[in-house]
Structure formats: structure tokens, C-alpha cells
Amino acid sequence: MCGIVGYIGKKQASDILIEGLSKLEYRGYDSAGVAIIDNDSINVMKCKGRLANLEQKLKEAPLKGSLGIGHTRWATHGEPSDVNSHPHSNEKGTISVVHNGIIENYIHLREWLTSKGYNFKSETDTEVIPHLIDYFYNGDLLDAVMKAAAKMEGSYAIGVISSNEPDKIVAVRKDSPMIVGLGKDEYFIASDIPAVLNHTRDVYLLNDKEFVVLTRDGVKLFTEDKEQIEREVYHVTWNADAAEKGGYEDFMLKEIHEQPKAIKDTMTSRVMMGKPITLDDIKITKQQIENINKIYIVACGTAYHAGVVGKYVIERLARIPVEVDIASEFRYRNPIIDEKTLMIVISQSGETADTLAALREAKSHEARVIAVTNVIGSSVSREADDVLYTWAGPEIAVASTKAYETQLIAMYIIALFFAQNKGTLSEAELEELKKEMLKLPEKAQKCLNHKEVIQRFASKNYMHKDIFFLGRGLDYAVAMEGSLKLKEISYIHSEAYAGGELKHGPIALIEKGTVVIALATQDDLFEKMVSNVKEVTTRGARVLGLAFEGKESIEKTVDSAIYLPRTNPLFAPVLSVIPLQLFSYYVAVQKGCDVDKPRNLAKSVTVE
Ligand code: F6R
């Protein structure tokens, strides 16, 4: 949450900061601001609302200078307002700071600084940082930032500039992401790679508690003990287009369409006919797999929904008991973990605070952790024992689509890998499943062809206040994801129910005209699902059914139906989620919502 950027070079910082922030707006869009050094003084411009507001202000009153920092905010402490916007400065205006994270002991620090005569303007936790740096400043900005950081508890990625040292940016991270971009005679800091990609593909990935000093001569990294660190340059191989809309109306629509490729890329070199599943970054041995007596899959939001599918498939194929947990719940329920437990964390960003905390909890009890993540060098990838990268490419829209698809693929790969090691499936069964899996990209492409039907259905139903999703087994897992997508981007209240659970309460909500989306892809549960659909149509619901081609009999029960190319029902989630994503998308567009930046949300939740 919140995005930060910094630039030092020869060009006008303002343009570069705004461009960088535009790539980070997915992290928060409650306010935006920049601080730029010109003629040895800092000029700050910041305002509430989207980045476009700041851009307009800068057009009216441009800020000159070739060194600066910028911020796009997702409000935590203090409402979205001009005064709570970053950058925050000390009273003399000689130090400015941008911050992503939460300073958990800010109340204590604020009281302490107040007792030393400091005055505060905002309600933010961040404002303690420039005052703390001011307190410790004694002619050496790096030293003052280090001393301030030693007092700060919580999570932070901060960028600091000072008019006393006008040719320098100092930055540090702890539990919040930050990278350093290495251009030609110009250097950058940013919360995420896309922010620098138009200028350089060479970056340093920072570890926790590493300090960086950027000058026009280069970049130096230090430990908290001021020892200089050598860091390998990480060369980004995906191109800047991957983080552009590429002719689509929105990132979300583009990312939905990228799914066939993302599925294929995630399987490449891992799932091959006639060869065992090979996972380069997973070092867990056959013996360790045989020793596992329980798996926890822990994640948040959409990633959690991928985990629910993971539970079904790992239990079905590898016969290991799996519990799926919401990360924010898991860590506070004193879970039973020992060295025979395996944890799988799923996180697109690899930075979700609760998921990271759950990972640490598992590791502190000697459990092995596999991370499934989309971001190379992210915190979960660094702290887990094994990593399975999803190859979705950068996901910019706040609502996750292609990352979810690749997380599903990762679940199938892990399930097959365990089954292969445990011998729970025969060679022939494994080959058959792989064969079917390899056809998924093509079948996912076919699902995208239903666009017009779904668009029509959406245009007839976008004004409803409530929409329900029903499914059994794996269909229920996908129903949950469909429901989340709809509520987060269209603000329509929606719920997902397990078909069989309906009559234990939720059916009371069904009345004439209620819209229900019923998933019926699981052959062994098809008839039962049809009965559940009848229960709601009898009470006046209008139902859109989702079933495989060849199951046209569902038309007798539903008002309209969408047919998916047939696959093994185990893989149905990969296909059935696509019409649900498109439905949410078109409903949100009809309602005039900003699909890429839904209200109150941020892409990466780095606070608890
Ligand atoms: C919903 C969505 C969120 C994320 C959740 C976890 O569309 O994107 O629910 O799935 O915040 O984020 P990651 O996967 O980055 O840990």
C-alpha cells in the first residue's frame, strides 16, 4: 500500500516522478505528492485525490529540479486530505520524507518528539520520521536516517531528501518493498519495478534494513552498521509493454486476456509429457515429502481462493491432509505446527503483511515453507525454503485475474509433484493429467470468446443490489472468487454459497428476480447442483448456469447458460473463472466504475 519513487539525475525530476507514480497508482490513490530540490531548497506539492490532480497542479505551477521524491497514498493513519498527503517535512522544511508502511510506535515517538518541542501538522504516523531525522541530524543525512530507523517499529520503505545535502537521496526498507533503479547517470528508488522500467532494466533488490545512498555518481548500499554491501545487479527481462495497457480499455481487461499465455508460461519447463514434473526452485526431497503429515495453505483474498482449489487437488491427487487458512486468522489462532508440517503461502505480490507473518510463524516452529509468488525477490520468496514462481507477468489492475489463474496452475503443479513423489498416482494417470493440463491455454482462449454473451448478460443485470454465486466442490471455490471479483470492482453486494448449504439459511434471501450464477462443472455433483438451482428458481431467482459443453440439459433449469470446453473436472476452475471475471468486469464498466482502481482498495496490502 502506498507507492514511493525517487529520482536523481540530470532530467527534470517532476516528469519522471509523475511517470513513476502513474505506474504505482495501483498501490493507492487517496493522494499524491512530490518534493523536489531546486537551488538548495525543497519545494513540496501534494494534494488529495488521484495523481491527475497533482499533475494538474504541477502544470499550473511547475517545480524545477533534477532530484526529488514522490508518493501515492493508500490512507491508513489520517483521512485522505492535503495535509495528510506525503511527502512530510520537518518544520524548517529542510528534510522531506515519503513512506510506505506503518510506524507502529508512532504515538510514543510523537509524544517524545512533542516533549522535545516538535510540532505536528498531520494525523499521520509518517510525520514522526522527518522530525526524528531532524532530531538526529548532525551534518550527515545517512547517519540521521540510520538513527531514526533504529527508533522506528513497524514496516517502512522510506525515501529521504534534505536541502542540507542537496545532491543525495537516502532510502531504507523494512518489511515494505523497495528497489533501486540503475540508469545511465541517473538513479531511482521505487516500490516496484514498473515505475523505473522506462528508464532502466537494471535494478538492485533490497533486503530488510538495508540503507541506500543515491548521488549523481552512483549508488551505495549499507548495512545498519554502516558497512558497505556489494549487490548483484538484477536484470529485468520482461519489457515495459508488459506494464502498459497495450490497446485495452483497462489493465483488468488486458490481464484477463493475457491468461492463456500466463497459464502456458507457468507450466513451461515444469509440465512436460513423458518427463517428471521438474521444479527448479523447490529443493524439498522425496523423503521430506513422504514425511509431511499436514499441509497448511495460507493466503489472503484471491490468493486464498486459489488455496481452496489447492486443498481439493492436493488431497485428491497426493492424499495429504490440507487445511486452508486466511493469513490474518491463521497467525492468531495458535495453529498446531511442527517439523512434519508443510506450509504453502500464496501471494501475488509476495509482500502481503499477514501472509508474511504466517510464513514467519511456521518457520519459527521448524515447518518447511513453499512460497507461490509472482514477484521475484519479494519478501515471501526470500524467506521461504522453496519458491514456485508464477509467470503471470506484472499484474497492475487491483483486482487479481491472471495471477489467480497462475496460482491455480501452481496448485496443480505442486499436487502432481507430490503425487509423483509419493506414488499416489500411476505413471499413466500422471501422463493423462499432464496431457489435459497442457490443453488448458487453448481452452482458456476459447472461454474468452464468450465475451459478447457475458457482456449482454451483464448489461441486463448490472443494476441489481445483490447477486449470488452457487457451486459445489471445486465450483464452490470458484464461486467465492467470482463473488469477490464482483463486489470489489462493481460494489454490488454478492455472496458465494456451497450449493448444499443453501437451505440452511441463505435461501431466505432469494426472492423474485434475484440473480444467481450457478456453476455446475463437477460431473459427480451435477445432478445435486441442478436440484439446488431448482430450489432457487422455484423461489423466483433468475439463474445463469455455467457447465461443460455436452451438459446442455442444464438449460431445462436455468434462464441462460454458458458452456465451457470440456476438460477433466479437476481443472474446471481454470476455465470457469474466466466468464465470472468478464461478468464482473462488464458489470463494473456498465456502472461506470473505475475497474482498475476500485474504491478503498490497494493492490498490495503491506499492513495488517
Ligand atoms: C482481489 C485481490 C486481493 C489479493 C490479496 C492478496 O482481487 O487482488 O484479494 O488477492 O490482497 O494479495 P497477494 O496475492 O499479493 O498476497
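Residues numbered from 1 in each chain as written. Predicted model: local features only at pLDDT ≥ 70, side-chain atom pairs only at ≥ 80, totals over all residues. Heavy atoms only, no water.

Here we come to empty space enclosed by the protein. Inspection of every chain in the model, using the stated rule, returns two cavities of 30 Å³ or more. Roughly 100 Å³ of internal volume is contained in the largest cavity. Around the largest cavity, the lining is made up of 17 residues, and of these Cys2, Trp74, Thr76, Gly101 and Asp125 lie nearest the centre. Considering each element in turn, the lining of the largest cavity owes the most residues, four residues, to strand β6 (residues 95-103). Counted by class, the lining of the largest cavity contains six nonpolar, nine polar and two charged residues. In this structure, the second largest cavity spans a volume of roughly 50 Å³. Surrounding the second largest cavity, Val5, Gly6, Ile16, Leu17, Gly20, Phe188, Ile189, Ala195 and Val196 form its lining. Secondary-structure elements contributing two or more residues to the lining of the second largest cavity are β1 (3-8), α1 (13-24) and β10 (187-190). Among the elements that make up the lining of the second largest cavity, the one with the highest residue count is α1 (three residues). (1 Å grid on protein atoms, 1.4 Å probe; cavity = no way out; pocket = protein on both sides within 12 Å on 5 of 7 lines; lining within 4 Å. Points joined across faces, edges and corners; volume = space filled by probe spheres on them. Helix = DSSP H or I, 4+ residues; strand = E, 2+ residues; numbered from the N terminus. Nonpolar A, V, L, I, M, F, W, Y, C, P; charged D, E, K, R; others polar.)

A separate point is the UniProt feature "domain: SIS" (unreviewed entry) in the protein chain. Cross-referencing UniProt, the feature "domain: SIS" (unreviewed entry) maps to residues 285-424 and 453-598 in the present numbering. Between the C-alpha atoms that bound residues 285-424 there is a distance of 16 Å. The span itself is 47% helix and 20% strand. For residues 453-598, helix accounts for 39% and strand for 20%, while the C-alpha atoms at its two ends are 25 Å apart. (UniProt positions renumbered as here; feature names shortened; annotations may be inferred.)

So, about unusual backbone geometry. Of note, the amide linkage connecting histidine 86 to proline 87 takes the cis form, showing an omega dihedral of -5 degrees. Of note, the phi angle at asparagine 39 is positive, near 50 degrees, even though the residue is not glycine. Position of asparagine 39 relative to the elements: it lies in the loop between β2 (31-38) and β3 (41-48). Classification of asparagine 39 as exposed rests on a relative accessible area of 71%. The phi dihedral of lysine 226 is positive, around 65 degrees, even though this residue is not glycine. On the secondary structure map, lysine 226 appears in the loop between β13 (218-222) and β14 (228-229). A relative accessible area of 35% means that lysine 226 is categorised as partly exposed. (Buried < 20%, exposed > 50% of the residue type's maximum accessible area, 1.4 Å probe, protein only.)

Helix length check: helix α17 (residues 474-490) (17 residues) gives 24 Å between terminal C-alpha atoms against 24 Å at 1.5 Å per residue, within 8%. Within α17, 14 of the 17 residues are buried, leaving the element largely enclosed by the surrounding structure. One or two positions beyond α17, positive phi appears at tyrosine 491, with a value near 65 degrees. (Expected span 1.5 Å × (residues − 1).)

Turning to the UniProt feature "active site" (unreviewed entry) in the protein chain, a few remarks are in order. The positions UniProt marks with the feature "active site" (unreviewed entry) are Cys2 and Lys603. Considering the C-alpha atoms alone, the annotated residues occupy 602 residues of sequence yet fold into one spot, their largest mutual distance being 9.3 Å. Of the annotated residues named above, the ones that line the largest cavity are Cys2. Inspection of the secondary structure puts cysteine 2 in the segment before β1. Since its relative accessible area comes to 7%, cysteine 2 is described here as buried.

Turning our attention to the packing of aromatic side chains. In the structure shown here, the tally under the stated rule is ten aromatic pairs. With 5.4 Å between their ring centres and 50 degrees between their planes, tyrosine 7 and phenylalanine 188 make a pair best called tilted. Within this pair, whereas tyrosine 7 is found in strand β1, its partner phenylalanine 188 is found in strand β10, the two being separated by 181 residues in sequence. Put simply, the rings of Trp112, Tyr135 and Phe136 touch in pairs and so form one group of aromatic residues. Across the ring face of tyrosine 491, the terminal group of arginine 599 is positioned such that the distance to the ring centre comes to 3.8 Å. (Phe/Tyr/Trp six-rings, centres within 6.5 Å; stacked < 30°, edge-to-face > 60°. Lys NZ or Arg CZ within 6 Å of the ring centre and 35° of its normal.)

The space that makes up the largest pocket amounts to roughly 850 Å³. What lines the largest pocket is a set of 40 residues, and nearest its centre among them are Trp238, Asn374, Gly393, Pro394 and Glu395. At three residues, the largest contribution of residues to the lining of the largest pocket is made by helix α7 (residues 259-267). Classifying every residue of the lining of the largest pocket by side-chain character gives 18 nonpolar, eleven polar and eleven charged. Shared between two domains, the lining of the largest pocket holds at least three residues of each, these being domain 1 (3-242) and domain 2 (246-438). Of the voids in this model, the second largest pocket is the one considered here, and its volume is about 670 Å³. Around the second largest pocket, the lining comprises 33 residues; the ones closest to its centre are Cys300, Gly301, Thr302, Lys603 and Val605. Broken down by secondary-structure element, the contributors of at least two residues to the lining of the second largest pocket are α9 (301-318), β18 (341-347), α11 (353-364) and α17. Its residues assigned to classes, the lining of the second largest pocket shows 14 nonpolar, twelve polar and seven charged. (Domains from an automatic or database assignment.)

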